[in-house]
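Now for the letters of each chain:
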Amino acid sequence: MGYHYSFKDVLARAERISWRVEDIIGGDKTLDFSRPFMPETFARTASLDFLPSEEKRTLNQIRGHAYLTIFGLVEEFILPFVLDHARPYINGEDYRARAFLEFASEEAKHIHLFRMFRQEFAKGFATKCEVIGPPETVAKHVLSHPTLSVALLTLHIEWMTQRHWQESIRDDDKLDPQFKSLLLHHWMEEHQHAQLDTLMVEMIAEGMSPKEIEAGIEGYFALGSFLDEGLKQQTAFDMAALEMATGRTLNPGEKARFMEVQHQANRWTYIGSGMSHPKFLESLGDLSPVKRRMAEMMAPTLS
Ligand SMILES: [Fe+2]
Ligand SMILES: [Fe+2]
């Protein structure tokens, strides 16, 4: 339950964190392409033994590029969603209204940050890396689902970013410090988002019938399957980018192995690590203990 989160506290913390996009990327703040960007938990290049180590690192960087581009992509639907849901709360509780507006403005900043990152990446990486999208089409599809479904997916993403930083990125000294800094600054603000989203899920579900709640959760699972299809496509894009960047042509067996290992790696990165987050499961369980168990049963297939 989100009762321990307060709009006033969330706003106070958000206001204490202040960084500008220009402070952390661009100019002399360049990416170090001699280092990996992603921790191995997500990149999973080690078992692709047909790749020499420098090509594993190239793949790792391709995955890092997709990671921040996909964050940008999801924030393109989170931003209008938060704005729409902040609208009815503008009057009345000042802290609540301001906390939601701050949330929206931070997401707009993150979209900007990730766009700047893509520009920086393109400067240092010789070939083009394709990423799923376009963002407007994805946003349109996601926002066509019930409000509760979108709020749950957003909550999943916010907790996921917390977990990624704390469990896998923070203590990994091999990663490029510049890439890490982007994730650190993003993480700092996302922590407040995760709490606001917890409150938002509760506000949206309040007064809903059990049937409506069920439909909302089903919509969230449907969005998970939609995301999974997108990740399969992303894996194929990453394979093409790797072949292009290294000049290597993978044989059919290597291609099959690549798709299997990397699709699963993407599943854990974007779906499993969010759906199985204890805080996400807590919110889901408050809505429906049965659906929480469903998510828990699905988790091992996404790890
Ligand atoms: Fe964000
Ligand atoms: Fe966020």
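It should be noted that the structure appears before, not after, this text.
Treat the numbers as computed from the prediction; the structure is a model and nothing was measured. Sequence positions are assigned chain by chain, starting from 1 and proceeding in written order. The lettering of chains begins at A and the numbering of ligands begins at 1, in the order of writing. Per-residue local features of the predicted model are confined to residues with pLDDT of at least 70, and side-chain atom pairs are confined, for both listing and counting, to 80 or more; whole-chain, interface and lining totals are unaffected and use all residues. The side-chain quantities take in all heavy atoms of the structure and omit both hydrogens and water.

Visitor: Sorry, what's going on with the overall build of the protein chain here?
Guide: Helix and strand definitions here come from DSSP, where helices need a minimum of 4 consecutive H or I residues and strands a minimum of 2 consecutive E residues; each element is numbered from the N-terminal end. If you tally the helices and strands in the protein chain, you get 12 helices and 0 strands. When the helices and strands of the protein chain are read in sequence order from the N terminus, they spell out α-α-α-α-α-α-α-α-α-α-α-α. For 303 residues, the compact-globule estimate of 2.2 N^0.38 gives 19 Å, and the protein chain sits close to it at 19 Å. Along the three orthogonal principal directions, the C-alpha set of the protein chain runs to about 60 × 45 × 35 Å. Burial classification: accessible surface area is computed with a 1.4 Å probe over protein chains only, and a residue below 20% of its type maximum counts as buried, one above 50% as exposed, and the rest as partly exposed. By the burial criterion, 56% of the 303 residues in the protein chain qualify as buried. Two residues form a contact once any of their heavy atoms are found within 4.5 Å. In the protein chain, 85% of the contacts between residues at least 6 apart in sequence involve partners at least 24 apart. We score Asp and Glu as negative and Lys and Arg as positive, and we do not count His or the chain ends. Every charge is mapped to an atom, namely NZ of Lys, CZ of Arg, CG of Asp or CD of Glu. Each charge class in the protein chain was averaged separately, 33 positive and 44 negative side chains, and the resulting centres sit 2 Å apart. Taken over C-alpha atoms, the radius of gyration is set against a globule rule of 2.2 Å times the number of residues to the power 0.38.

Visitor: It is not clear to me how the packing of helix H4 (residues 53-86) against helix H6 (residues 135-143) should be interpreted in this structure. Could you clarify?
Guide: The relative placement of two packed helices comes down to the angle between their axes together with the axis-to-axis distance. Two elements in contact, H4 and H6, have axes separated by 8 Å at closest approach and are oriented at 50°. Our classification of the angle between H4 and H6 gives oblique. Like other packed secondary-structure pairs, H4 and H6 cross with a definite hand, here right-handed. Facing Leu73, Glu76, Phe77, Pro80 and Phe81 of H4, the residues of H6 in contact are Pro135, Val138, Ala139, Val142 and Leu143. For this classification, Asp, Glu, Lys and Arg are treated as charged, while Ala, Val, Leu, Ile, Met, Phe, Trp, Tyr, Cys and Pro are nonpolar and the rest, including Gly, are polar. Class assignment of the residues belonging to the contact of H4 with H6 gives a composition of 9 nonpolar, no polar and 1 charged. Where helices are involved, their axes are fitted lines through C-alpha atoms of the stretch in contact, as for all axes, and angles between N-to-C directions lie from 0 to 180°. Working definition: roughly parallel below 35 degrees, roughly antiparallel above 145 degrees, roughly perpendicular at 65 to 115 degrees, and oblique for all remaining angles. Should the near helix be turned anticlockwise from the far one by less than a right angle, the crossing is left-handed, and should it be turned clockwise, the crossing is right-handed.

Visitor: I keep staring at the coordination of the iron ion (ligand 1) and nothing clicks. Help me out?
Guide: Ideal values differ by geometry: the angle at a metal is 109.5 degrees with four tetrahedral donors, but 90 or 180 degrees with six octahedral donors. Each metal's donors comprise the N, O and S atoms found within 2.8 Å of it (within 3.2 Å for Na, K or Ca). Water is not part of the atom list, so some coordination spheres may appear incomplete. Taken together, Glu75 (OE), Glu75 (OE), Glu107 (OE), His110 (ND1), His186 (NE2) and Glu190 (OE) make up the protein donors of the iron ion (ligand 1), found 1.9 to 2.7 Å from the metal. Note on geometry labels: four donors, all angles 85 to 135 degrees, give tetrahedral; four donors become square planar and six octahedral when opposite donors are over 155 degrees apart and every other angle is between 65 and 115; remaining cases are irregular. Geometry at the iron ion (ligand 1) is irregular, judged from the 6 donor atoms that bind it and their angles of 53 to 173° at the metal. The sequence motif formed by the donor residues of the iron ion (ligand 1) is E-x31-E-x2-H-x75-H-x3-E. The distance between the iron ion (ligand 1) and the iron ion (ligand 2) is 3.4 Å, with Glu107 acting as a donor to both metals. With His110 in helix H5 (residues 94-124) and His186 in helix H8 (residues 177-205), the pair connects residues that are 76 residues apart, well separated along the chain. Comparing His110 with His186, the two get one shared label, buried.

Visitor: Any chance you could explain the coordination of the iron ion (ligand 2) here in plain terms?
Guide: At 1.9 to 2.4 Å from the iron ion (ligand 2) lie its protein donor atoms, namely Glu107 (OE), Glu158 (OE), Glu190 (OE), Glu190 (OE) and His193 (ND1). Sequence positions of the donors to the iron ion (ligand 2) reduce to the motif E-x50-E-x31-E-x2-H. Residue classification places Glu107 among the buried positions, given a relative accessible area of 0%. Among the residues examined, Glu158 registers a relative accessible area of 0% and is labelled buried.

Visitor: Any chance you could explain the side chain of Glu120 here in plain terms?
Guide: Here Glu120 is to be found in helix H5. You can call Glu120 buried: its relative accessible area is 8%.

Visitor: Just checking my understanding: could you explain the nonpolar core for this structure?
Guide: One finds Tyr67, Leu68, Phe77, Phe100, Leu152 and Phe179 to be the most contacted residues of the largest nonpolar core, which totals 96 residues. For this core, the element with the highest residue contribution is H4, accounting for 14 residues. Discounting chain neighbours no more than four positions away, the residues touching Phe179 are Leu31, Phe37, Met38, Gly64, Tyr67, Leu68 and Phe117. For our purposes a nonpolar core is just a set of buried Ala, Val, Leu, Ile, Met, Phe, Trp, Tyr and Cys residues, chained together by side-chain atoms within 4.5 Å.

Visitor: Could you clarify how one ought to interpret unusual backbone geometry in this entry?
Guide: Most peptide bonds adopt trans geometry, and most residues besides glycine take a negative phi value. The residue after Gly133, namely Pro134, is reached through a cis peptide bond having omega -5°. Its place among the elements puts Pro134 in the loop between H5 and H6. For Arg44, which is not glycine, the phi dihedral falls at a positive 45°. Considering the arrangement of structural elements, one finds Arg44 in the loop between helix H3 (40-43) and H4.

Visitor: Quick question: what am I supposed to make of the packing of aromatic side chains here?
Guide: Aromatic ring pairs are described here by two measures, namely the spacing of the ring centres and the angle between the planes. A pair of Phe, Tyr and Trp rings is counted when the ring centres sit within 6.5 Å of each other, with Trp represented by its six-membered ring. The angle between the planes then sorts it: under 30 degrees is stacked, over 60 is edge-to-face, the rest tilted. Summed over all chains, the structure comprises 15 aromatic pairs. Ring geometry for Phe37 versus Phe121: centroids 6.3 Å apart, planes at 75°, classification edge-to-face. Of this pair, Phe37 sits in the loop between helix H2 (21-24) and H3 while Phe121 is found in helix H5, placing the two residues 84 residues apart along the sequence. Members of the aromatic cluster, each reached through a chain of ring pairs, are Phe33, Phe37, Phe117, Phe121, Phe125 and Phe179. Cation placement over rings: the criterion is NZ of Lys or CZ of Arg within 6 Å of the ring centroid and within 35° of the ring normal. The lysine or arginine in question, Lys109, covers the ring of Trp19, its NZ or CZ lying 3.8 Å from the ring centre.

Visitor: I would appreciate a short explanation of a nonpolar patch on the surface in the present structure.
Guide: A cluster of nonpolar side chains, contributed by Leu83, Ile90 and Leu101, occupies part of the molecular surface with about 230 Å² of accessible area. Summarising the element assignment, Leu83 is placed in helix H4. Each patch is built from residues lacking any salt bridge and having more than 30% relative accessible area; the joining distance is 9 Å for like charges and 5 Å for nonpolar side chains (Val, Leu, Ile, Met, Phe, Trp, Tyr). Working definition of accessibility: Shrake-Rupley area with a 1.4 Å probe, residue cover restricted to the visible protein chains. Within this document, salt bridges are pairs made up of a side-chain nitrogen of Lys or Arg and a carboxyl oxygen of Asp or Glu, the two lying within 4 Å of each other.

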